[in-house]
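Structural overview
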Amino acid sequence: MPALASHRKPRTRLRTTTPAVGLTTAALASVTLLSTQTATAAPAKPAPTIEEVQKKVDGLFRQAGTATQKYNEAKSASAKQRDEVDALLKAAAERADKLNETRRELGRYATAQYRGGSIAPTATFFLADDPQSYFDQDQLMSRMTSRQQKAVADFRTQQREAAAKRVEATKSLQTLTASQAELRTSKQEVQEKLSEARTLLSKLTAEEKARLAELERKKEAEAKRKAEELARQQAAAKAEADRAAKEKAAGQGTGSGTGPGTGTGTGGTGSDAGYASKAEKVLAFARAQIGKPYVWGATGPSSYDCSGLTQAAWKEAGVTLPRTTWDQVKVGTRVATADLQPGDLVFFYDDISHVGIYKGDGMMIHAPKPGANVREESIYSMPIYGSVRPA
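Residues numbered from 1 in each chain as written. Predicted model: local features only at pLDDT ≥ 70, side-chain atom pairs only at ≥ 80, totals over all residues. Heavy atoms only, no water.

On to the pattern of salt bridges, then. One pass over the full model with this rule turns up 14 salt bridges. Lysine 56 serves as the salt-bridge partner of glutamate 196, at 3.7 Å between the closest nitrogen and oxygen. On the criterion of sequence distance, the pair formed by glutamate 196 in helix α6 (residues 146-202) and lysine 56 in helix α2 (residues 50-115) is long-range, its members being 140 residues apart. Its relative accessible area of 37% is what places glutamate 196 among the partly exposed residues. For the salt bridge of arginine 323 with aspartate 305, the shortest nitrogen-to-oxygen distance reads 2.9 Å. Here arginine 323, found in the loop between α9 (306-315) and α10 (325-328), pairs with aspartate 305, found in the loop between α8 (266-288) and α9; they are 18 residues apart in sequence, far enough to count as distant. (Salt bridge = Lys/Arg side-chain N within 4 Å of Asp/Glu carboxyl O. Helix = DSSP H or I, 4+ residues; strand = E, 2+ residues; numbered from the N terminus. Buried < 20%, exposed > 50% of the residue type's maximum accessible area, 1.4 Å probe, protein only.)

Here's what the structure looks like:
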């Protein structure tokens, strides 16, 4: 019987060529679109304006000033800690000497008793594996002379004191290490800020530098104008105070009474005169430093930072100021800007990172910033934080 032909329809293979081509085309289109968007979304960054450069440079110098105060603080702390460590090590060495002397004395007792033909408690103490536990035996103390007992008691006390001094010295050394690490960090921060500012300035063209200088001149002129206004206000206030004082003196002179009213107010005058005398010494010193360079961390005599100059100047008047602006602002009496007198310290910026010495008429002497020298300048050249009268 002939074989029957199969009536099944052959399977039709589905072709995916067309969709694949379509997908590839879409992908290419997407890549092209993204490339175009990327190219148009990242235009060249415009060069900063001179005003922006000025603001950036001023900010970097200010940050360097803050870092300088951190450096000064860490340096002072490190020096103080070093002195403390040296004192503790010296004390520990002295304790060790006393301990050794007491140990030798106990040894002499033991030797003498051994030569007498017996091993004394003192010798047993030295030969014991655990001398401390041997101390706890009541019979030991009862069999010693009073001098021997005192020597043993001294030995125990000195042992404890020597151990305590060693622990204290170790802790102080750890604190010193931390202060020195902070000192290195602050130093690096100052150097980085100054380097960034110099790099920014070095990229300016001659024309841009001229424009920057013009902006600085305008800023100085405005600060000078404000200083002159303050000088006029202070002169008017002084004239009014002098007039009132004369009227008061005249009124007291014409009075018929013989009461204790005569001579009132001389205490304040004496106090002002004492401060004025100190201020003259401060300003004489500060004027002699004009022209010397600002160097961060410097305290003289060939260069200064801002707080180094104020500290050195007031030292001439017999007043010891702390090293940093943050501590100097806490010394003496706070005074308003309108009430400033020569010799007062004027502090700047919200973080109190700069200070100058008021000389009168709205002007100060200060060590401004790296690259500049000690000079006279308006107190309005920077935002004022506050002022103090140190003595």
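Here we take up the packing of aromatic side chains. Enumeration over the complete set of coordinates arrives at three aromatic pairs. Here arginine 389 stacks its cationic end above the ring of tyrosine 275, 5.6 Å away from the centre of that ring. (Phe/Tyr/Trp six-rings, centres within 6.5 Å; stacked < 30°, edge-to-face > 60°. Lys NZ or Arg CZ within 6 Å of the ring centre and 35° of its normal.)

For the rest of this paragraph, the subject is the sheet that holds strand β2 (residues 345-348). If you walk across this open sheet you meet the six strands as β1-β6-β2-β3-β4-β5, and the pairing is antiparallel. At either end of the open sheet lies a strand with only one pairing partner, and these are β1 (333-335) and β5 (375-378). On average, each strand axis in the sheet is inclined to that of its neighbour by 40 degrees, with strand direction left out of account. Contacts between α9 and the sheet are confined to β2, β3 (354-360) and β4 (363-366), with β3 contributing the most and set at about 45 degrees to the helix. (Pairing = 2+ DSSP bridges. Axes fitted to C-alpha atoms, helices over the stretch in contact; angles between N-to-C directions. Contact = heavy atoms within 4.5 Å.)

Moving on: the confidence of the model for the chain. A residue-level look at the chain finds 74% of positions with pLDDT of 70 or above and a mean pLDDT of 79. Predicted confidence is poor over residues 257-268, with pLDDT under 50, and the contacts of this stretch with residues over four places away or in other chains come to three contacts. (pLDDT = per-residue confidence, 0-100.)

Let us look at the nonpolar core. If you look at the biggest cluster of nonpolar residues, it comprises 43 residues, and the most contacted ones within it are Trp314, Leu345, Phe347 and Ile357. Sorting the residues of this core by element identifies α2, α6, α8, α9, β2 and β3 as the ones contributing at least two each. With residues up to four places along the chain from it excluded, the contact list for tryptophan 314 reads Tyr275, Lys278, Val282, Val319, Leu321, Gly343, Leu345, Pro390 and Ala391. Counting ten residues, the second-largest nonpolar core is a separate cluster that includes Leu230, Leu340, Tyr358 and Ile379. (Core = buried A, V, L, I, M, F, W, Y, C linked by side-chain atoms within 4.5 Å.)

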